[in-house]
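Next come the chains, spelled out residue by residue.
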Number of protein chains: 2
Amino acid sequence: MSLPSQISLREVGPRDGLQNERPVPLAAKLELLEALVAAGLRRIEATAFVSPRAVPAMADAAEVAAELHRWPDVRWSALVASRNGARRALAAGVTELEYVVSAADGHSWANVRRDTATALGDVAPIAATVHAAGGFCEVIVATAWDCPFDGPTSADRVVRVVSEAIGMGADAVCLADTIGTATPARVVSLLEQVRDRHPDVPLGLHMHNTRGMGIAGVLAALQFGVVDIDASIGGLGGCPFAPGASGNVATEETAYLCHDSGIETGTDLGGLIEAARLAQRLVGRPLDSGVLRAGDRPRGPSNSGPGVTKVGRP
Amino acid sequence: MSLPSQISLREVGPRDGLQNERPVPLAAKLELLEALVAAGLRRIEATAFVSPRAVPAMADAAEVAAELHRWPDVRWSALVASRNGARRALAAGVTELEYVVSAADGHSWANVRRDTATALGDVAPIAATVHAAGGFCEVIVATAWDCPFDGPTSADRVVRVVSEAIGMGADAVCLADTIGTATPARVVSLLEQVRDRHPDVPLGLHMHNTRGMGIAGVLAALQFGVVDIDASIGGLGGCPFAPGASGNVATEETAYLCHDSGIETGTDLGGLIEAARLAQRLVGRPLDSGVLRAGDRPRGPSNSGPGVTKVGRP
């Protein structure tokens, strides 16, 4: 099994996870950020500068941003969904932005009340503003595999969105399996088509675990050589009021996968499990993470015994 | 991604799943078997001939076995844990048996009150009895990766158990990740060592999804070329009173993985989801299966649109 020696894990729980929850007080959010940093995470999507009416849980984005100086060795980022959001983020001092564009019109309308083409058109002004501030602009391509409204998204369409985003100044691209439908073969097929066209652009993967395929998709991406992986502490995310919704692949499950495969993540599994427990307390319901529930596996020297046929106990 | 064109899926929910639950009435078990057959499954572990005191949920093994003639085109099997169990199974007309041997002494003592060597010694008489009845005897090697009592199980030890079992007449071997700890790299490493030594013996994989790694492990095994895969409808299994326990990889998630990867399973996803719903009703609690909760993905023609920059909606 050919695997990379390390991955670059981006924690998205404070944004993609908490955005679907009842608003969590600022102090509790900061406690969670503290725990994530303590567990070794060094890339964290801290918040989203989006409509406070549409996403009340992210209404305190500027307040969160104002506290990030506490952890100077972390690469903090924020999600934005419009030019206005990008301006607000930069004003709040966050210069690494993820701008989301849905590859499918149906999801684009539901998410930002614009079609894909219109949303895509804003990459140019947003990237220009971010670059003028010395920042970094990633485009997250949502519904890159399937859209809950439009059905399967064609790979051609995704490749065109990626190409236009790069043409307009995106510094990196991340493919998002927004509704958690992609199986590993489809993950690799799309990554391959994007990578073929844009071999030098940083390419990331953002999987949801809605149908239990998240970790397998991450593994397939690692085998393919994509090492920029999003994950969410505790598998946080999904709407508790929408049956079947579910969060991202859990950070602690991703780390468990990696560590046992000889892949460095820079994180400490015990610390991640602690942070996941905290996240669970903050949202007040059991989170969907096997590693959180069951803990690490037994460690220690292998039980090789003195030879099977001679092993005995009275 | 190199994958096989088909797998041989063995449904173990009626045994590995229901054994951990409060006993389900015979009629309900038969209803579940009916649903599993209707979904296309053609290898089903129907029950276990084990101590009714230790596993009350399997006390009706002979009654279940007496009804299997209803579905003559299914390869039915039963699990046994002793010579006596094998005799009872054969007397009840089940001739395909899985005899379980724990590779770790700790689990072996907890499970069958004997050490590994003693349990292993019974492969010879059990295989002989089964073969005399014209049957098929598989040895399931439990705790093949980790033991909850002894810690990690060394690969050498597992290979020795497998070699001795084959030497004593086992027709097939299945490696079981009993406590759901194995990551894909460890799965492949052990499969490789066993396959190297015994290239011609049928080799199967039995994963639990306790830490979210089950589907990724199955995928790794498929890439390696092992296609005899155990799964449990609804991810049934695990003890509801043991925090962190969890069932096998869910049959419907395994089928979802395979079908979207061009791998035939002989099953119908809709039928599997129906059977999983039934299993959920029988045990009276939500089962841990994303495909059960969220259903199939959107299907239909890809949304390629007339070109991204020209797509619009008023």
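Note that the coordinates shown come from a computational prediction; the quantities given were computed from them, not determined experimentally.

Draft legend 1. Region of the structure containing the overall build of chain A. Broken down by element type, chain A carries 13 helices and 10 strands. Relative to the 2.2 N^0.38 estimate, which gives 20 Å for 314 residues, the radius of gyration of chain A is 20 Å and therefore close to what a compact globule would have. Projected onto its principal axes, the C-alpha positions of chain A cover 75 × 45 × 40 Å. Buried residues in chain A amount to 61% of all 314 residues. Taking the intrachain contacts of chain A between residues at least 6 apart in sequence as the baseline, contacts between residues at least 24 apart amount to 72%. Across chain A, the mean location of the 28 positive side-chain charges is 3 Å away from that of the 35 negative side-chain charges.

Draft legend 2. Molecular detail of the confidence of the model for chain A. Mean pLDDT for chain A: 93, with 94% of residues reaching 70 or above. In the predicted structure, residues 306–314 of chain A sits below a pLDDT of 50 and forms 20 contacts with residues beyond four places in sequence or in another chain.

Draft legend 3. Summary view of the pairing of strand E10 (residues 228–231) of chain B. All names here are of chain B. Pairing of strand E1 (residues 8–11) with E10, which is carried by 4 bridges, proceeds in the parallel orientation. The residue bridging serine 8 from the neighbouring strand is aspartate 228, located in E10. Where strand E9 (residues 203–207) lies against E10, 2 bridges are found, and the strand directions are parallel. From the neighbouring strand, leucine 205 faces E10, where its bridge partner is isoleucine 229. Handedness of the β-α-β unit built from E9, helix H10 (residues 214–224) and E10 comes out right-handed.

Draft legend 4. Highlighting the interface of chain A and chain B. Taken together, the 65 residues of chain A in the interface contact 65 residues of chain B. Taken together, the two surfaces of chain A and chain B that pack against each other cover about 5200 Å², and 59% of this comes from carbon and sulfur. At the surface where chain A touches chain B, the tally comes to 6 salt bridges. Here aspartate 288 of chain A and arginine 293 of chain B are joined by a salt bridge, their closest N and O atoms 3.2 Å apart. If you look at where chain A meets chain B, you find 12 residue pairs in polar contact (both at pLDDT 80 or more).

Draft legend 5. Molecular detail of the pattern of salt bridges. Considering all chains together, one arrives at 46 salt bridges over all chains under this definition. Aspartate 16 of chain A is the salt-bridge partner of arginine 15 of chain A, the closest N and O atoms lying 3.7 Å from each other. Exposure remark for arginine 15 of chain A: the relative accessible area of 5% places this residue in the buried category. Looking at aspartate 16 of chain A, the relative accessible area reads 5%, which means it is buried. When salt bridges with common partners are traced through the structure, they connect Asp146 and Arg186 of chain A together with Asp260, Asp296, Arg297 and Arg299 of chain B into a single cluster.

Draft legend 6. Fine view of helix H5 (residues 105–112) of chain A. Residues and elements named next belong to chain A. The set of residues buried in H5 consists of Asp105, Gly106, His107, Ser108 and Val112. Residues of H5 that are buried in the fold lie against strand E4 (96–102), helix H6 (116–121), strand E5 (136–142), strand E6 (146–147) and helix H8 (155–167). Looking one or two places after H5, you find arginine 113, whose phi comes out positive at around 55 degrees.

Draft legend 7. Looking closely at the packing of helix H10 (residues 214–224) of chain A against H10 of chain B. Their axes nearest at 7 Å, the elements H10 of chain A and H10 of chain B cross at an angle of 45 degrees. Taken together, the axes of H10 of chain A and H10 of chain B are oblique relative to one another. For the element pair H10 of chain A and H10 of chain B, the recorded crossing hand is right-handed. Contact residues: Ile215, Ala216, Leu219 and Gln223 of chain A in H10 of chain A; Ile215, Ala216, Leu219 and Gln223 of chain B in H10 of chain B.

Draft legend 8. Representation of the side chain of arginine 186 of chain A. Summarising the element assignment, arginine 186 of chain A is placed in helix H9 (residues 184–197). You can call arginine 186 of chain A buried: its relative accessible area is 16%. Once residues lying within four places of it in the same chain are set aside, the contact partners of arginine 186 of chain A are Trp145, Asp146 and Thr181 of chain A together with Asp260 and Arg297 of chain B.

Draft legend 9. Summary view of the relation of the copies chain A and chain B. Note on the copies: chain A fits chain B at an RMSD of 0.0 Å, the axial shift is 0.0 Å, and the rotation between them is 180 degrees. Such a turn and shift between the copies fits a two-fold axis. It is alanine 216 of chain A whose C-alpha, among those of chain A, lies nearest the rotation axis, at 2.1 Å.

Draft legend 10. Representation of the pairing of strand E3 (residues 75–80) of chain A. All names here are of chain A. For E3, the tally of buried residues reaches 5 of 6 residues, placing the bulk of the element in the interior. Pairing of strand E2 (residues 43–49) with E3, which is carried by 6 bridges, proceeds in the parallel orientation. Of the residues in E3, the one forming a bridge with phenylalanine 49 is valine 80. Relative to E4, E3 runs parallel, the two being bridged by 3 bridges. Looking across to E4, one finds that alanine 78 is bridged to leucine 97. The handedness of the E3 to E4 crossover, carried by helix H4 (residues 83–91), is right-handed.

Reading guide: rules and limits
Residues numbered from 1 in each chain as written. Chains lettered and ligands numbered in written order. Predicted model: local features only at pLDDT ≥ 70, side-chain atom pairs only at ≥ 80, totals over all residues. Heavy atoms only, no water. Helix = DSSP H or I, 4+ residues; strand = E, 2+ residues; numbered from the N terminus. Rg over C-alpha atoms; globule rule 2.2 N^0.38 Å. Buried < 20%, exposed > 50% of the residue type's maximum accessible area, 1.4 Å probe, protein only. Contact = heavy atoms within 4.5 Å. Lys, Arg positive; Asp, Glu negative; His and termini not counted. Charge placed at Lys NZ, Arg CZ, Asp CG, Glu CD. pLDDT = per-residue confidence, 0-100. Pairing = 2+ DSSP bridges. Right-handed = clockwise from strand over helix to strand, strands pointing away. Buried area = accessible area lost by both parts, 1.4 Å probe. Salt bridge = Lys/Arg side-chain N within 4 Å of Asp/Glu carboxyl O. Polar contact = N/O pair within 3.5 Å; in protein donor to acceptor, adjacent residues only side chain to side chain. Axes fitted to C-alpha atoms, helices over the stretch in contact; angles between N-to-C directions. Parallel < 35°, antiparallel > 145°, perpendicular 65-115°, else oblique. Left-handed = near helix turned anticlockwise from the far one by under 90°. Least-squares fit on C-alpha atoms with pLDDT ≥ 70 in both.

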